[in-house]
Amino acid sequence: MFVALKRIGVLTSGGDCPGLNAVLHGVVSAASTRGFEVLGFLDGYEGLLNPVRYQRLDPVSVSHISHLGGTILGTTNRGRFVAKVGAGKKAEIPREILHQARDTYRGLNLHALICIGGDGSLSTSLQLQKMGMNVVGVPKTIDNDILATASTFGFDSAVTCVVDSLDRLHTTARSHKRIMVVETMGRHAGWIALHGGLAGGADAILIPEIPFHFDKVARFAKERASLGIASTMIVVAEGAIPAKGHLSTVKSALRGKGEVRLGGIGELVAEEMEKRTQQETRHVVLGHLQRGGNPTALDRILGTRFGVGAVELVGKGKFGHMVSYQNYEIGGVPIAEAVARIRTVPPKGQFVHHAREIGICFGD
Ligand code: F6P
């Protein structure tokens, strides 16, 4: 009997993140086991638009990619599909763009489209779903700020980068008896700073969820100095906001295209610390080092399992759902639930409480 081959599409959208290739490996391998054909669209949703760009993915083409950072399909967070314009603010994708994407989907006779992306890209996938496309999501971000999943792949790799950097910075800060300020990524969530800071031995951690006072952080550093502790390590999330101040952003020629770029708070904190403590202070912005490089073992495993889980959702016809990680199991949740708002650090939660218990200052 002739069995029609199901064809599914896959794409990676938004900022890249270690573990994307592991997801692709998981998707293609699990799809091939089921006899599905996979088309990988290039540069995120852009690949669905004219001129349509994709490549056929088979187990051979993804056989040695799981350990590699970045994405073999390419991605963008600035294209014609930008759906996220600020914290929790979503833009409607123009109808003609959605129609073009649907024409491609239909023209290629796709059964489903697996969209690997952050909250902005997942909101886009819902708009495609409403156009009649069968969509399955895979949550992706180093920021770990997506609701309905306990973790996203890429986060552990970013945290590991912060920890490696702090290990290096501690030795030079101590030798020179300096205050060291390290700015991390994470957008409007403090997870990377919190986890990286705790594991890397930060003395103060400043996060968006807890407005901080320069004076309080300075007093903390001075007290340490008076006790003979020569250096103080301050980790500040790029989205951290002084209680009497505002979000630090970067001027960009591309302003208006996609989300505003965050940055500059590390330098500001360093300036204010030096002024208030008279102790020599330096700052380091870790930037895209946190997003680059190969994924950790944890991210390779989570990525692979997310990929397999996404194909399972396609198999079960659970469209409009994304894979999620809860209690060590991969399951599925409605995408709409996951993108309703971002998942931020609970300021009164146990993690922050434990950090305070070991003397970490949050500047509040
Ligand atoms: O969302 C992931 C992230 O790395 C954020 O932590 C950061 O603010 C942003 O992307 C940087 O984006 P871009 O690569 O466009 O500068």
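About the cut-offs
Residues numbered from 1 in each chain as written. Predicted model: local features only at pLDDT ≥ 70, side-chain atom pairs only at ≥ 80, totals over all residues. Heavy atoms only, no water. Buried < 20%, exposed > 50% of the residue type's maximum accessible area, 1.4 Å probe, protein only. Helix = DSSP H or I, 4+ residues; strand = E, 2+ residues; numbered from the N terminus. Pairing = 2+ DSSP bridges. Right-handed = clockwise from strand over helix to strand, strands pointing away. Axes fitted to C-alpha atoms, helices over the stretch in contact; angles between N-to-C directions. Contact = heavy atoms within 4.5 Å. Near = heavy atom within 4 Å. Polar contact = N/O pair within 3.5 Å; in protein donor to acceptor, adjacent residues only side chain to side chain. Areas by Shrake-Rupley, 256 points an atom, 1.4 Å probe, with all protein chains shown as cover. Salt bridge = Lys/Arg side-chain N within 4 Å of Asp/Glu carboxyl O. Core = buried A, V, L, I, M, F, W, Y, C linked by side-chain atoms within 4.5 Å. Domains from an automatic or database assignment. Buried area = accessible area lost by both parts, 1.4 Å probe. Nonpolar A, V, L, I, M, F, W, Y, C, P; charged D, E, K, R; others polar.

## Considering the pairing of strand β7 (residues 135-139)
The two faces of a sheet get side chains in turn, since along a regular strand they alternate between them. The buried fraction of β7 is high, at five of five residues. Sheet topology note: the strand β6 (residues 112-117)/β7 ladder contains five bridges and is parallel. Bridging from a neighbouring strand, G117 pairs with P139 of β7. As for the winding sense of the linkage, the β-α-β connection from β6 through helix α3 (residues 119-130) to β7 is right-handed.

## Regarding the sheet that holds β6
Read from one edge of the open sheet, seven strands run β3-β2-β1-β6-β7-β12-β13, paired in mixed fashion. On the outer flanks of this sheet lie β3 (54-57) and β13 (329-334), each paired with one strand and no other. The sheet shows a mean angle of 30° between the axes of neighbouring strands, direction not considered. Relative to β3, strand β2 (residues 37-41) runs antiparallel, the two being bridged by four bridges. Opposite L39, over in β3, you have R56 as the bridge partner. On the sheet, helix α8 (residues 297-316) packs against β1 (7-12), β6, β7, β12 (321-326) and β13 and is oriented at approximately 140° with respect to β12.

## Quick notes on the site of the ligand
Taken together, N77, R78, I142, D143, M185, G186, R187, E238, H288 and R291 make up the full set of residues near the ligand. One of the side-chain nitrogen or oxygen atoms of E238 is found 2.5 Å away from an oxygen atom of the ligand. The contact in question runs from an oxygen atom of the ligand to an N or O atom on the side chain of H288, over 2.8 Å. Protein coverage of the free-state accessible area of the ligand, which is 400 Å², stands at 84%.

## Section: the pattern of salt bridges
The tally for this structure, following the rule as stated, stands at 13 salt bridges. Across the pair E272 and R276 runs a salt bridge, and its minimum N-O distance is 2.2 Å. Here R276 and E272 lie together in helix α7 (residues 265-277), a separation of four residues that amounts to about one turn. Shared partners join several salt bridges into a network, and the residues in it are D215, E272, K275 and R276.

## Concerning the side chain of H170
Locating H170 in the fold gives a position in helix α4 (residues 155-176). Excluding residues that lie within four positions of it along the chain, H170 makes contacts with G200, G201 and M233.

## Regarding the nonpolar core
The biggest cluster of nonpolar side chains holds 61 residues, and the ones touching the most others in it are V10, I114, I116, V138, F153 and F362. No other element matches α4, which puts eight residues into this core. Two domains each put at least three residues into this core: domain 1 (6-153 + 295-338) and domain 2 (159-292). Judged by nonpolar contacts, the second largest core, of 28 residues, contains L49, L113, C115 and I335.

## Structural notes on the domain arrangement of the chain
When the domains of the chain are assigned, the result is domain 1 (6-153 + 295-338) and domain 2 (159-292). The C-alpha-based centres of domain 1 and domain 2 are spaced at 33 Å. At the junction of the two partners, domain 1 supplies 15 residues and domain 2 supplies 15 residues. Both sides together, the interface formed by domain 1 and domain 2 hides about 1,300 Å², and carbon and sulfur atoms give 56% of it. Considering only the surface of domain 1 that becomes buried against domain 2, R78, I142 and D143 emerge as the three largest contributors, covering 44% of it. Between R291 and D16 there is a salt bridge, and its shortest N-O distance comes to 2.9 Å. Connecting domain 1 to domain 2 are one residue pair in polar contact (both at pLDDT 80 or more). In the side of domain 1 that touches domain 2, the residues fall into six nonpolar, four polar and five charged.

## So, the pairing of strand β10 (residues 232-237)
When you tally the buried positions in β10, you get six out of six residues, the bulk of the element. Bridge analysis of strand β8 (residues 179-184) against β10 gives six bridges, and the strand direction is parallel. In the sheet register, V182 faces β10, and the bridge partner there is V235. Taken together, the three bridges between strand β9 (residues 204-206) and β10 define a ladder with parallel strand orientation.

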